[in-house]
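Residues per chain are reported as follows:
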Amino acid sequence: MLVHGGARLLTLAKRCTRKVHTSRTHKDDARWPGWELVVGIEVHAQLKSRRKLFSEALASDLSSPPNTHVSPFDAAFPGTLPRLNPKCVELGVRTAIALNAEVQHRSAFDRKHYFYADLPSGYQITQQYAPLARHGRLRLQKDDVTVRIKQIQLEQDTGKSTFLPRNRLTAIDLNRAGMGLMEIVSEPDMRSPEEAGSYVRALQALLRSVGSSDGNMEQGSLRCDVNVSVNRIGGPPGTRCEIKNLNSVKNMTVAITCEAFRQIALLDRGVPVVQETRGFDEEKAETYSLRSKEDAPDYRYMPDPNIPPLLIDKNYIDAIRRNMPELPHATRARLLGQGLSERDVEVLMDVDSGREVGYDGELGRGAVAYFDEVSRGRDPKAVVNWITHELLGQLAFRHETFTDNPISVEQMGELVDLVQCGKVTGTSGKTILRHILSTRTPDLPSKIAEGCQLLAVSDGGASLEKWCRDAIFALPEEAEAVRRGNVKVVNKIMGHVMKASRGTAKAQDVRATLLRLLQ
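Source: prediction; values computed, not measured.

Undergrad: Before we move on, could you go through the overall build of the chain and cite the residues and values that matter?
TA: Of regular secondary structure, the chain possesses 17 helices and 16 strands. Computed over the C-alpha atoms, the radius of gyration of the chain is 30 Å, more than 25% above the 24 Å expected from 2.2 N^0.38 for a compact globule of 519 residues. Considered along the principal axes of its C-alpha atoms, the chain spans approximately 95 × 55 × 55 Å. The 519 residues of the chain split such that 50% are buried. If you take every contact in the chain between residues at least 6 apart in sequence, the share linking residues at least 24 apart comes to 69%. Only carbon and sulfur atoms are counted for the fraction: they give 52% of the accessible area of the chain, which is about 26000 Å². Side chains of the chain give 71 positive and 65 negative charges; the mean places of these two sets differ by 1 Å.

Have a look at this one:
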């Protein structure tokens, strides 16, 4: 208790000396001239662990029937005791290392008391005063901003309440109760809704890259509480209001904008902003009051007497650091170093951020890993063109994602090789790619090209010249226009040749042959 109390006093002392605002050059915002917007975000990310934080109950998903993943501890049966899941600690440490935070060698758990129907024990186990990690940072490349991370703490999730209007009852599902969460608390370092959106997207990608959370906002495994305040430029900080449970980046940016306008309107009328907790109405695009803002005394924090302090030594942290997967900024730098364009890297990274995240830190295979395997021993630029332009384009046309990609690394690699060495044309290569996507065949592209007669013509140019002469005969007006010097019209004649050859003729050879015959 004394050690825990000391940690609490130390935290309060640091809190008093912490600067509320970072020293940043102010940039005028046309939406609120003369005002400065200050935003801090608390992100609640569900840990991707097979089991809950303090019990042996298995993690559930949206398809699980209600109340089928509940242990006696999750339901707060008397006499049950918590047992910390070490995998949740490992995932939390991974996240802390990725965020350049200081992992604490000693952290402790507190009870945060409030009474909700979906919180059977009447308190949440969290780490308010002695968190797992402190003093991290996340760089936002696009905005050229560094957001400081105040602390990262482990805590329990609550259950789910569903109101049934026909029965006028509220159904309680405890499947989610006791699931492990990370609360990642930022400092108030963001100055626009767009910066806040960039922060959440960057954090989402980072969590997925280290395998600690799938960051799925639509399914509720990543939720944001946003603290918003406004002040006159150069003036003292304003009174902050917290907007709870925002479940998409779009809703979050709209909610911040609406709340900023609301607070500015109040201050312009001489009405002070009241510190409170607010919700966000998506249909009306406005925030609304939920309750007056609670402070720490309202929650009656106390050390959890059933959980000893969590002690982590340097060797444990170093072992996790050595086995850390590649982080997004390192991946970006590596891909750019291979000669890829900024656009291609952005496309690969965006697709990769949507990859599946396995349980207990198992990483799914995404677009970057796929590119790395295909490009091994090949021209990276040629490979990325086939992946980003052709493969992703065809998947999007079929309303499918990269997860649905049926083309193996071997198939894609051979397809690139066939086109690069001239055995099939680019047009035929696209036909082969569409064939594999449509039929889900395991056959290699060379076999498909031979069976579908898509191999490039190699008869010394006899077939090509015949197709070109036939095209000139079929399009006499266009041929005469080319003879008179209108070279652009040759493209129409080329289309006729490509159709006749079923894409097996090379476009540059067709053009050269047509111009020679039309001179």
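And the narrative resumes.
Undergrad: Quick one: what's the story with the nonpolar core, residue by residue and with numbers?
TA: In this structure, Ile41, Ile184, Tyr199, Val200, Cys224, Val226 and Met252 are the most contacted members of the largest nonpolar core, which totals 65 residues. Every residue in contact with Val200, bar those within four places of it in the chain, is listed here: Ile41, Met217, Leu222, Cys224, Val249 and Met252. In this structure, Leu335, Ala382, Ile387 and Ala449 belong to the second largest nonpolar core, which totals 34 residues.

Undergrad: Residues and numbers for the sheet that holds strand 14 (residues 286-292), please.
TA: In spatial order, the strands read 2-6-7-10-1-11-12-13-14; together these nine strands make up an open sheet with mixed pairing. Edge positions in the open sheet fall to strand 2 (102-103) and strand 14, since each of these has one partner strand only. Pairing geometry for strand 1 (residues 35-46) and strand 10 (residues 180-186), over five bridges, is antiparallel. Paired with His44 across the two strands is Glu183, which belongs to strand 10. Against the sheet, helix 4 (residues 249-268) contacts strand 1, strand 11 (222-232), strand 12 (241-246), strand 13 (276-281) and strand 14, and its axis sits at roughly 30° relative to strand 11.

Undergrad: Got a sec to walk through the sheet that holds strand 5 (residues 123-126)? Specific residues and values, please.
TA: With antiparallel pairing, three strands are arranged side by side in an open sheet as 5-4-15. The open sheet is flanked by strand 5 and strand 15 (302-303), the only strands paired with a single partner. Bridge analysis of strand 4 (residues 110-113) against strand 5 gives four bridges, and the strand direction is antiparallel. Bridging across to strand 5, Asp110 finds its partner in Thr126.

Undergrad: Which residues make up the pattern of salt bridges, and what values do they have?
TA: By the definition in use, this model includes 31 salt bridges. The salt bridge involving Arg176 is made with Asp157; its shortest N-O contact spans 3.6 Å. Of this pair, Arg176 sits in the loop between strand 9 (169-173) and strand 10 while Asp157 is found in the loop between strand 7 (145-156) and strand 8 (160-164), placing the two residues 19 residues apart along the sequence. A residue is classified by how much of its surface remains accessible, and Arg176, at 27% relative accessible area, is partly exposed. What makes Asp157 buried here is its relative accessible area of 4%. For Glu346, the salt bridge identified is with Arg332, shortest N-O distance 2.5 Å. Of this pair, Glu346 sits in helix 8 (residues 342-352) while Arg332 sits in helix 7 (residues 328-337); the two residues are 14 residues apart in sequence, bridging distant segments of the chain. Taken together, the salt bridges that share partners define one network made up of Glu259, Arg262, Glu276 and Arg278.

Undergrad: Could you give me a rundown of the environment of Arg51, with the residues and numbers involved?
TA: Considering the arrangement of structural elements, one finds Arg51 in the loop between strand 1 and helix 2 (86-98). Relative accessible area serves as the criterion here: at 35%, Arg51 is assigned to the partly exposed category. Separated by 398 residues in the primary sequence, Arg51 and Ala449 have C-alpha atoms spaced 49 Å apart. Ignoring anything within four residues of it in the chain, the contact list for Arg51 reads Glu56, Ala57, Leu58, Ala59, Asn85 and Cys88. A polar side-chain atom of Arg51 sits 2.5 Å from the main-chain carbonyl oxygen of Glu56.

Definitions and cut-offs
Residues numbered from 1 in each chain as written. Predicted model: local features only at pLDDT ≥ 70, side-chain atom pairs only at ≥ 80, totals over all residues. Heavy atoms only, no water. Helix = DSSP H or I, 4+ residues; strand = E, 2+ residues; numbered from the N terminus. Rg over C-alpha atoms; globule rule 2.2 N^0.38 Å. Buried < 20%, exposed > 50% of the residue type's maximum accessible area, 1.4 Å probe, protein only. Contact = heavy atoms within 4.5 Å. Areas by Shrake-Rupley, 256 points an atom, 1.4 Å probe, with all protein chains shown as cover. Lys, Arg positive; Asp, Glu negative; His and termini not counted. Charge placed at Lys NZ, Arg CZ, Asp CG, Glu CD. Core = buried A, V, L, I, M, F, W, Y, C linked by side-chain atoms within 4.5 Å. Pairing = 2+ DSSP bridges. Axes fitted to C-alpha atoms, helices over the stretch in contact; angles between N-to-C directions. Salt bridge = Lys/Arg side-chain N within 4 Å of Asp/Glu carboxyl O. Polar contact = N/O pair within 3.5 Å; in protein donor to acceptor, adjacent residues only side chain to side chain.

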